[in-house]
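Structure assessment
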Amino acid sequence: MCIRTGRTALLSIAMVISACAAASLPPVAAAAVPVPSESAAASQPWDTTAAELDRVIQKTAADAGVPGVIVGVWKPGQPRYVRAFGVADTKDCTPMRTDLNMRIGSETKTFTVTALLQLVDRGKVGLDDPISAYVDGVPDGEHITLRQLANMRSGLFAYTKDEDFQHLLATEPHRQWSPKELLRIAFEHPNQFPPGTQFDYSNTNTVLLGLVVEKVTHRPLSKAIRDLITQPSGLDHTFLPKAAEFPRPRAHGYTDQTPDGTVADATDFNPSWGWAAGAMISNLDDMRSWAKNVATGGLLTPQTQAKRLDALPTGAPGDAYGLGIDINHGWIGHAGSLPGYQSLTVYLPAQKATMVILLNTDIASNGENPSTLLGRAITQVVSPGNVYGDASDQD
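Residues numbered from 1 in each chain as written. Predicted model: local features only at pLDDT ≥ 70, side-chain atom pairs only at ≥ 80, totals over all residues. Heavy atoms only, no water.

1. Observations regarding the nonpolar core
Counting residues in each nonpolar core, the largest one holds 71 residues, and the members touching the most others are Val125, Ile131 and Leu146. Contacts of Ile131, omitting those with residues within four sequence positions, involve Val138, Gly141, Ile144, Leu146, Leu149, Leu208 and Val212. Formed by 27 residues, the second largest nonpolar core is a distinct cluster that contains Val56, Val73, Tyr81 and Ile357. (Core = buried A, V, L, I, M, F, W, Y, C linked by side-chain atoms within 4.5 Å. Buried < 20%, exposed > 50% of the residue type's maximum accessible area, 1.4 Å probe, protein only. Contact = heavy atoms within 4.5 Å.)

Now the structure itself:
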């Protein structure tokens, strides 16, 4: 989907949040988190950092019109920082909580590609196998490899850029999509460039990899991800839904991806259009565990993890993309976005630090995703030498 500035939508959400504040429910309420006992001298630096994080998160969220956000930051030798700010439901002003289930959008790609790489480790598939060996009808499929699909260099058209698809997504948000329908839309367009020659972020690539995982494992992708990843990793609240199911407790999500650009409650929108590329659900605790696991290769051999992290520049300053994983100014992980929700789950090996951000809107602010704005603001405090989404080196 294209990014909109969403100024009218932001004003609408800001009015709702103000109404919640007027009703004596604070629009930015920090969750209470126990801090290990320590001397006053030792705690003072962390107390100062935590207070600054509270300030920048609240300001950034307010400026971007974010109804609610969950944030977790973990660094060795420091108390954890876990907070929930704002509201989970703008209708009744229910406060955001740190234990809510959230849609995680394109972070789903890290799971689908991890499943593929486990099959590589087991000798079931090869990264340089052509996609034509697994899926029929892919344009130039005999020359497009699984590696090129995983690192977004296949040249296949992204079905999300199709205008008819965008119209259907806005006008029929509860529609159930099949992978074949999504690929048919993509394949109606010519390939964008010869495989391996350029970077182009495309859900089409990961949907194809999802079909590969299904074919090789002889299981639906949801069960393959469960058996290969979430169960062995103890991710009890992370799964790929079949349709629009979304277990409670959950946050309501808000989007302006509607026919007239007005804000809609997207909680019950059907994410099947994202499938292997963007439909999964998780929560803060699970994503904290997954952040380190996926960044350090906990489920893969060292050789395969090295291939995963052999990232190539995307064209954005300080950003490179590997095999279903992004490396942004040293932070390894992925961002996610779909109507009503955004997320960011990353790990910084240099500091063994983890950051997870989950929010209940995808409405852009001044052309930027709110998850990026929050990631930048937080890392300016906790890792000034590694600022996520750093815009200072742009032309």
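2. Digging into the sheet that holds strand β12 (residues 341–348)
Strand order across the open sheet formed by nine strands is β3-β2-β1-β13-β12-β11-β10-β9-β8, with antiparallel pairing between neighbours. Edge strands, defined here as strands with exactly one partner in the open sheet, are β3 (94–95) and β8 (312–313). Looking at chain direction, β12 and strand β13 (residues 353–359) are connected through seven bridges and run antiparallel. Looking at the pairing, Leu348 lines up with Ala353 of β13. Together, β1 (68–74), β2 (81–89), β11 (331–338), β12 and β13 form the strand contacts of helix α10 (residues 284–296), whose direction differs from that of β12 by roughly 45°. (Pairing = 2+ DSSP bridges. Helix = DSSP H or I, 4+ residues; strand = E, 2+ residues; numbered from the N terminus. Axes fitted to C-alpha atoms, helices over the stretch in contact; angles between N-to-C directions.)

3. Concerning the pairing of β2
Burial of β2 is extensive: nine of the nine residues sit out of reach of the surface. In the sheet, β1 pairs with β2 via six bridges, with the strands oriented antiparallel. Looking across to β2, one finds that Val71 is bridged to Arg83. In this structure, the hairpin formed by β1 and β2 is closed by a connection of six residues, where Gly77 is found at a positive phi of approximately 85°. Looking at chain direction, β2 and β3 are connected through two bridges and run antiparallel. Each residue of the ladder has a partner; that of Asp89, found in β3, is Thr94. Count of turn residues in the β2/β3 antiparallel hairpin: four residues, of which Cys93 carries a positive phi of about 65°.

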